[in-house]
Amino acid sequence: MRITGLELLTVPQGASAMLLVLVHTDDGQYGVGEVGMRSRWRAVRGAVEDFAEELAGADPSRIEHLGQLLARSGFFPATGVLAAVRAAIDVALWDLRGKALGVPLYEVFGGASRDHIECYVHVPGDAVRDPEAMVAAAERLVAAGWRYLRVPANGPNGAEYDQRAALRHTVATMERLRAVLGDEVELLLDVHTRFEPAQAVTLCRELEPTRPYFVEDPLRSEHLDGYRMLRQRTGVPLAAGEQLGTKWEFRPLIEGELIDHARIDVANTGLTEARKIAAMAEVHHINLATHNPLGPITAAASAHLNLVLPNVSVQEQPWPELTLPPVITAGPELTPGRIRPAERPGLGIELDLAAARRLDHRGPAPLPLYHRPDGSFTNW
C-alpha cells in the first residue's frame with residue numbers, strides 16, 4: 001500500500017465548515033482527519049499541497065516516521081497551521097491503519113481502559129449574558145442527563161469586552177449556578193485567553209467558593225510561564241493547551257506542574273503526538289481534558305484516544321446532540337454526558353465522499369472580533 005495523494009475538503013457544518021484531510025492510497029482506500037485551526041483555511045490548503053509532495057509514494061503504515069518527516073523536513077519546526085495539518089494527516093493515517101487491520105482504532109492502541117468517556121456540554125451561547133437564562137439552560141441540560149457543564153467567561157456587552165465587567169458578570173453567574181445546581185454538577189469555566197494576569201488572579205480567587213471543576217485558558221498561550229504566577233496565587237484547578245500543537249509546547253506546563261488538565265486537541269496535535277503528551281502528563285498526575293469544538297471526526301478520534309489512556313478526566317462535546325452532517329453517515333455513540341467510539345474499523349466514521357466533494361465550495365466562516373471599550377483589539 002502506498003500513498004497516492006492528499007485531498008482537502010471544506011465541507012459545510014452549520015454556519016461554518018469542516019476542514020477534512022483525506023490520505024488516499026493506491027488500493028483505493030482513504031483515511032480521514034480534521035484540521036483544528038480553521039481560521040486560516042487558505043494557509044491550510046497550501047500546507048496540504050506542500051505535504052502532499054513529501055508523502056507521495058510513502059508507506060502509510062510508517063506513521064511515526066512520516067510524522068517526523070512532516071514536522072522537521074522544512075527546517076523550521078512545523079507549528080501553528082503546519083502542526084494542525086500534520087495532525088489531520090496523522091489521524092487519517094491511523095484511520096487507515098485501523099481499516100487495514102479491520103479493528104476499531106482503540107484496539108490498535110491497546111484496548112479499552114474504561115467503559116465510556118465522561119464528556120461535558122456547552123451551556124447555549126444565547127443564554128450567557130443573562131445569569132437567569134444561563135441557570136434555566138443549565139437546568140434543562142442537567143435534567144437531560146449532563147453532569148459537566150461548560151460556562152464561558154463572557155461579558156454583558158456583546159463584541160465589546162471589558163475585562164472588569166466580564167469578571168463581575170462571570171463570578172455572579174458561577175455563584176448563581178452553584179447555588180441552584182448544587183454540588184453534584186461540575187462547572188467548567190472557559191476564559192478563552194481573554195484576561196490579563198491581574199484580572200485572571202482576581203477571577204480565580206473569587207471563584208474558589210464555587211468549586212469549579214477547572215478554569216480553562218485564563219491566560220494567553222504565548223507566555224506559558226505566566227501560569228506559574230497564577231498557580232501560586234489561586235487554588236482552583238487550571239486547564240490549558242488547546243492552542244498548542246506539539247509536546248515541546250506542552251512541556252513547560254507539564255514539567256512545571258502548572259496545570260491540572262491538559263487541553264489536548266487531536267485536530268491540532270494528531271493522535272501520535274497526543275499519546276506522547278499524555279504520557280508526559282501522566283508522570284506529573286495531570287489528566288487529559290480533550291478539546292473538541294469541532295464535529296464527529298474529531299469527537300471520534302478523541303474518544304478512541306480517551307478510551308485507552310489511564311489519565312483522562314473529561315472530553316468536550318459542544319452540543320448536546322452529535323448532529324452528523326449529511327456527508328457523514330456514521331460516527332461515535334453519544335448519550336448525555338457519555339461518549340464512546342463506534343465499533344467499526346479505524347475511526348468508525350463513514351463518509352459519503354461523493355457528496356462531500358459536491359459540497360466542497362468555501363472555507364469556514366470568519367471568527368468573531370472582540371474589542372475593548374477603547375476600541376483596541378482583544379481575544380475572542
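An unreviewed UniProt entry lists the protein under the name Mandelate racemase/muconate lactonizing enzyme family protein, from Micromonospora globbae.

**Q** Got a sec to walk through the domain arrangement of the protein? Specific residues and values, please.
**A** Looking at the protein, the domain boundaries give domain 1 (3–103 + 354–358) and domain 2 (107–344). Using C-alpha coordinates to define each centre, domain 1 is positioned 26 Å away from domain 2. Contacts between the two partners involve 29 residues from domain 1 and, on the opposite side, 27 residues from domain 2. Note on domain 1 versus domain 2: buried area summed over both sides is about 1900 Å², and carbon and sulfur give 65% of it. Linking domain 1 with domain 2 are 1 salt bridge, by the criterion used here. Between Lys276 and Glu64 there is a salt bridge, and its shortest N-O distance comes to 2.9 Å. For the interface between domain 1 and domain 2, the tally reads 6 residue pairs in polar contact (both at pLDDT 80 or more). Broken down by element, the side of domain 1 that touches domain 2 gets its largest block of residues, 9 residues, from helix α3 (residues 81–101).

**Q** Go over the sheet that holds strand β1 (residues 3–13), please, and point to the residues and values.
**A** Sheets are built from strands that pair by backbone hydrogen bonding, the pairs being arranged parallel or antiparallel. Taken together, 3 strands build an open sheet; the order of strands is β1-β2-β3 and the sheet is antiparallel. Taken across any chain shown, the strands that pair with only one partner, and hence form the sheet edges, are β1 and β3 (30–34). The sheet shows a mean angle of 25° between the axes of neighbouring strands, taken without regard to direction. Bridging between strand β2 (residues 16–25) and β3 involves 5 bridges; their strand directions are antiparallel. In the strand pairing of β3, Val21 is matched with Gly33. Packed onto the sheet, helix α11 (residues 296–308) meets β1, β2 and β3 and runs at close to 95° relative to β3.

**Q** An account of the packing of aromatic side chains is requested, with residue identities and associated values reported.
**A** The full count for this structure, using the stated rule, is 6 aromatic pairs. Ring centres 6.4 Å apart and planes at 50° place the aromatic pair Tyr161 and Phe195 in the tilted group. You can see Tyr161 sitting in the loop between β5 (148–152) and α6 (163–181) and its partner Phe195 sitting in the loop between β6 (186–190) and α7 (197–207), a full 34 residues away along the chain. Between the aromatic rings of Tyr213 and Phe214, the centroid separation amounts to 5.8 Å while the plane-to-plane angle is 45°, which identifies the pairing as tilted. Relative accessible area serves as the criterion here: at 0%, Phe214 is assigned to the buried category. Chaining the aromatic ring pairs together yields one cluster made of Tyr148, Tyr213 and Phe214. Seen from the ring of Tyr30, Lys99 lies directly overhead, with NZ or CZ sitting 4.9 Å from the centre.

**Q** Describe in detail the pairing of strand β4 (residues 117–122), supporting the description with residues and values.
**A** The buried count for β4 comes to 5 of 6 residues, which makes it a mostly enclosed element. In terms of strand pairing, β4 meets strand β14 (residues 338–340) through 2 bridges, oriented antiparallel. In the sheet register, Ile117 faces β14, and the bridge partner there is Ile339. In this structure, β4 lies alongside strand β11 (residues 312–316), joined through 2 bridges in parallel fashion. Bridge assignment links Tyr120 to a residue of β11, and that residue is Glu316. Note: β4 against β5, 2 bridges, orientation parallel. By the bridge assignment, Val121 is partnered in β5 with Leu149.

**Q** Summarise the pattern of salt bridges; cite the residues concerned and give the values.
**A** Inspection of the entire model under this criterion finds 16 salt bridges. Of the charged contacts in the structure, one is a salt bridge between Glu222 and Arg220, with a shortest N-O distance of 2.9 Å. According to the relative accessible area criterion, Glu222 is exposed, its value standing at 58%. We classify Arg220 as partly exposed; its relative accessible area is 43%.

**Q** Explain the side chain of Asp190 to me, and be specific about the residues and the numbers.
**A** Residue position: Asp190 is located in strand β6. Of the residues examined, Asp190 reaches a relative accessible area of 4% and is grouped as buried. Looking at Asp190, its side chain comes within polar contact range of the main-chain nitrogen of His192, at 2.9 Å. Among residues more than four places away in sequence, those in contact with Asp190 are Arg150, Val151, Pro152, Ala153, Glu216 and Asp217.

**Q** Report on the packing of helix α2 (residues 63–72) against α3, specifying residues and quantitative values.
**A** Across the interface, α2 lies against α3 with an axial gap of 11 Å and an inter-helix angle of 165°. Judged by the angle between their axes, α2 and α3 are roughly antiparallel. Two packed elements cross with a definite hand, and for α2 against α3 that hand is right-handed. Note on element contacts: α3 touches α2 through Arg86, Ile89, Asp90, Leu93, Trp94 and Arg97, opposite Ile63, Leu66, Gly67, Gln68, Leu70 and Ala71. Partitioned by chemical class, the residues of the contact of α2 with α3 number 7 nonpolar, 2 polar and 3 charged.

**Q** Before we move on, could you go through the side chain of Asp90 and cite the residues and values that matter?
**A** Counting through the fold element by element, Asp90 comes out in helix α3. Despite its burial, Asp90 remains without a salt bridge, the nearest opposite charge being carried by Arg86 at 6.5 Å. Not counting residues within four places of it along the chain, the set of residues in contact with Asp90 comprises Ile63, Gly270, Leu271 and Thr272.

Thresholds, definitions, all that
- Residues numbered from 1 in each chain as written.
- Predicted model: local features only at pLDDT ≥ 70, side-chain atom pairs only at ≥ 80, totals over all residues.
- Heavy atoms only, no water.
- Domains from an automatic or database assignment.
- Contact = heavy atoms within 4.5 Å.
- Buried area = accessible area lost by both parts, 1.4 Å probe.
- Salt bridge = Lys/Arg side-chain N within 4 Å of Asp/Glu carboxyl O.
- Polar contact = N/O pair within 3.5 Å; in protein donor to acceptor, adjacent residues only side chain to side chain.
- Helix = DSSP H or I, 4+ residues; strand = E, 2+ residues; numbered from the N terminus.
- Pairing = 2+ DSSP bridges.
- Axes fitted to C-alpha atoms, helices over the stretch in contact; angles between N-to-C directions.
- Phe/Tyr/Trp six-rings, centres within 6.5 Å; stacked < 30°, edge-to-face > 60°.
- Buried < 20%, exposed > 50% of the residue type's maximum accessible area, 1.4 Å probe, protein only.
- Lys NZ or Arg CZ within 6 Å of the ring centre and 35° of its normal.
- Parallel < 35°, antiparallel > 145°, perpendicular 65-115°, else oblique.
- Left-handed = near helix turned anticlockwise from the far one by under 90°.
- Nonpolar A, V, L, I, M, F, W, Y, C, P; charged D, E, K, R; others polar.
- Lys, Arg positive; Asp, Glu negative; His and termini not counted.

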